Amino acid sequence: MSKNKIIRIVIDIILFVAVINGWWPLAIPLAILGAWYWPHFVEIIVAGVAYDALFGMIPGTGWHGWIGTIISVVLYTVILLIKKTVRR
């Protein structure tokens, strides 16, 4: 297995543990780093959905119950646009 895949797996595991425990000061920078370094780093969106499944999605909260998913999709999109602009 290549070194690049091993690093991605390690970052995924740390991101997973950070989301499960609610350590957002660790999870967000790791997600941004992963999305910047690897193409199609959809783990950021999976982390947002996992956060909402664990801590959000309470009946009656409206769109606030989906805030993790919304933020993760926005972050992924912004990072993708910045990468395309910078790497031209």
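Before reading on, note that the structure itself is shown above.
Residues numbered from 1 in each chain as written. Predicted model: local features only at pLDDT ≥ 70, side-chain atom pairs only at ≥ 80, totals over all residues. Heavy atoms only, no water.

This part is about the layout of surface pockets. The volume enclosed by the largest pocket comes to roughly 160 Å³. What lines the largest pocket is a set of 14 residues, among which Trp24, Ile28, Gly68, Ile71 and Ser72 lie closest to the centre. Residue assignment for the lining of the largest pocket shows that the elements contributing at least two residues are α2 (24–37), α3 (43–55) and α4 (67–86). The element best represented in the lining of the largest pocket is α4, accounting for five residues. Residues of the lining of the largest pocket, tallied by class, amount to eleven nonpolar, three polar and no charged. (1 Å grid on protein atoms, 1.4 Å probe; cavity = no way out; pocket = protein on both sides within 12 Å on 5 of 7 lines; lining within 4 Å. Points joined across faces, edges and corners; volume = space filled by probe spheres on them. Helix = DSSP H or I, 4+ residues; strand = E, 2+ residues; numbered from the N terminus. Nonpolar A, V, L, I, M, F, W, Y, C, P; charged D, E, K, R; others polar.)

With that out of the way, let us pick up the environment of Arg88. As for its placement among the helices and strands, Arg88 is situated in the segment after α4. Exposure remark for Arg88: the relative accessible area of 84% places this residue in the exposed category. Spatially, the C-alpha atoms of Arg88 and Leu54 are 39 Å apart, while their sequence positions differ by 34 residues. (Buried < 20%, exposed > 50% of the residue type's maximum accessible area, 1.4 Å probe, protein only.)

Right, let's get into α4. If you check α4, its first and last C-alpha atoms are 28 Å apart, about what 20 residues at 1.5 Å a residue would give, namely 28 Å. Taken residue by residue, α4 has Gly68, Thr69, Ser72, Tyr76, Ile79 and Lys83 as its buried positions. Take α4 and look down its axis: the buried residues cluster within an arc of 105°, on one side only. The outward face of α4, more than 90 degrees from its buried face, is lined by the exposed residues Leu81, Lys84 and Thr85. Turning to α4, the residues buried within the fold contact α2 and α3. (Expected span 1.5 Å × (residues − 1). Arc of directions from axis to C-beta. Contact = heavy atoms within 4.5 Å.)

With that out of the way, let us pick up the side chain of Lys83. Note on placement: Lys83 falls in helix α4. Despite its burial, Lys83 pairs with no opposite charge; the closest candidate is Glu43, at 10 Å N-O. Excluding anything up to four places from it in sequence, Lys83 contacts Ala35, Trp36, Trp38 and Pro39. (Lys, Arg positive; Asp, Glu negative; His and termini not counted. Salt bridge = Lys/Arg side-chain N within 4 Å of Asp/Glu carboxyl O.)

On to the nonpolar core. Formed by 14 residues in total, the largest nonpolar core has its most connected members in Ile11, Leu15, Val19, Ala27, Phe41 and Ile44. Contributing elements (two or more residues each) for this core: α1 (3–21), α2, α3 and α4. Those residues in contact with Phe41 that sit more than four places away from it in its chain are Arg8, Ile11, Asp12, Leu15, Ala31, Gly34, Ala35 and Tyr76. (Core = buried A, V, L, I, M, F, W, Y, C linked by side-chain atoms within 4.5 Å.)

To find the voids left in a structure, one rolls a probe of water-molecule size over its atoms. This model, assessed by the stated rule, comprises one cavity of 30 Å³ or more. Reported here for the largest cavity is a volume of approximately 40 Å³. Lining of the largest cavity is provided by Ala35, Trp38, His40, Phe41, Tyr76, Ile79, Leu80 and Lys83. Per-class residue counts for the lining of the largest cavity are six nonpolar, one polar and one charged.

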